[in-house]
Amino acid sequence: MRIERLAPWYRWIEYCAFGRALERQRFAFLPAITAARHVLILGEGDGRFLARSLETAPGAHFDVVEVSSEMIALSRRRTGNPERVAYHCRDARDMPYPPGHYDAIVTNFFLDCFTEDEARRIIGCLAESLTANGLWLLSEFEIPERGWQRLHAHVWVWIMYRFFRATTGLSAIALPPVDGLLRAAALRRIARQEERVGLIVSEIWHRADSPDVTTL
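Keep in mind the model is a prediction, meaning the values are calculated, not measured.

### Here we look at the environment of Ala-73
So, step 1. Its location among the elements puts Ala-73 in helix H4 (residues 69–79).
So, step 2. Considered as a pair, Ala-73 and Ala-7 are 66 residues apart in the sequence and their alpha carbons are 9.8 Å apart.

### Some thoughts on the packing of aromatic side chains
So, step 1. Here the structure, examined in full by the defined rule, presents eight aromatic pairs.
So, step 2. Ring centres 6.4 Å apart and planes at 40° place the aromatic pair Tyr-10 and Phe-164 in the tilted group. On the criterion of sequence distance, the pair formed by Tyr-10 in helix H1 (residues 10–18) and Phe-164 in helix H6 (residues 147–168) is long-range, its members being 154 residues apart.
So, step 3. Ring centres of Phe-18 and Phe-141 lie 5.6 Å apart, and the angle between their planes is 45°; this geometry places the pair in the tilted category. Of this pair, Phe-18 sits in helix H1 while Phe-141 sits in strand E5 (residues 130–141), and the two are 123 residues apart along the sequence.
So, step 4. For Phe-18, a relative accessible area of 7% puts it in the buried group.
So, step 5. A connected cluster of aromatic rings, assembled from ring pairs, spans Phe-18, Phe-109, Phe-141 and Trp-156.
So, step 6. Just above the ring of Trp-12 sits the side chain of Arg-11; from NZ or CZ to the centre is 5.5 Å.
So, step 7. In this arrangement the basic side chain of Arg-52 is found over the ring face of Phe-27, its NZ or CZ atom lying 3.7 Å from the centre.

### Overview of empty space enclosed by the protein
So, step 1. Applying the stated criterion across every chain, the model contains one cavity of 30 Å³ or more.
So, step 2. The space that makes up the largest cavity amounts to roughly 30 Å³.
So, step 3. Among the secondary structure elements, those contributing two or more residues to the lining of the largest cavity are helix H2 (21–27), strand E4 (102–108), E5 and strand E7 (200–207).
So, step 4. Ranked by residues supplied to the lining of the largest cavity, first place goes to E5 with three residues.

What counts and how
Residues numbered from 1 in each chain as written. Predicted model: local features only at pLDDT ≥ 70, side-chain atom pairs only at ≥ 80, totals over all residues. Heavy atoms only, no water. Helix = DSSP H or I, 4+ residues; strand = E, 2+ residues; numbered from the N terminus. Phe/Tyr/Trp six-rings, centres within 6.5 Å; stacked < 30°, edge-to-face > 60°. Buried < 20%, exposed > 50% of the residue type's maximum accessible area, 1.4 Å probe, protein only. Lys NZ or Arg CZ within 6 Å of the ring centre and 35° of its normal. 1 Å grid on protein atoms, 1.4 Å probe; cavity = no way out; pocket = protein on both sides within 12 Å on 5 of 7 lines; lining within 4 Å. Points joined across faces, edges and corners; volume = space filled by probe spheres on them.

Given below as structure tokens:
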């Protein structure tokens with residue numbers, strides 16, 4: 001996926017298509033990681049989420065995995081390039097994730113860039129890198145099960161995949177079954193909210209064997 005050509009315009013493309021909806025869902029459960037110490041963010045983009053995360057989790061160190069050097073440059077400019085952030089300009093599929101290291105993982109509109117097999121491998125590795133009480137903050141597109149909402153989502157997803165395939169060379173052509181893949185990796189959902197009649201969702205997951213936490 002070659003996102004560099006879109007990097008300077010990505011924010012405005014997003015706003016034109018969805019207004020502030022994606023931004024609201026990125027930040028929906030951010031307060032849940034206030035006490036985090038080691039945070040992994042994949043596919044951060046231009047740094048909007050990271051900038052707010054640095055304020056929300058003042059004691060955290062952030063590993064940011066982003067395949068686009070242009071997006072990393074935008075993020076550095078937005079955040080001031082603090083010492084608490086380590087950028088990794090590489091493909092998330094090839095990134096080593098230390099087991100049991102992160103007490104927070106964030107994937108915002110990231111897993112939909114991969115095929116089902118690729119997403120399964122990434123999710124499996126990330127699940128193992130969570131601490132026992134770690135939280136996974138997730139924002140994604142989703143297709144509702146029935147009704148006109150399903151048709152509405154299908155149209156938008158079809159448009160988005162064609163657009164990004166034409167402009168960035170994206171190889172994925174359909175949403176991976178993220179919910180099922182997370183459950184297969186022994187994770188469970190503890191909070192959820194949605195927008196645009198179910199097209200855009202934000203969730204919190206954690207390890208199924210971890211102690212119960214209060215649902216937000």
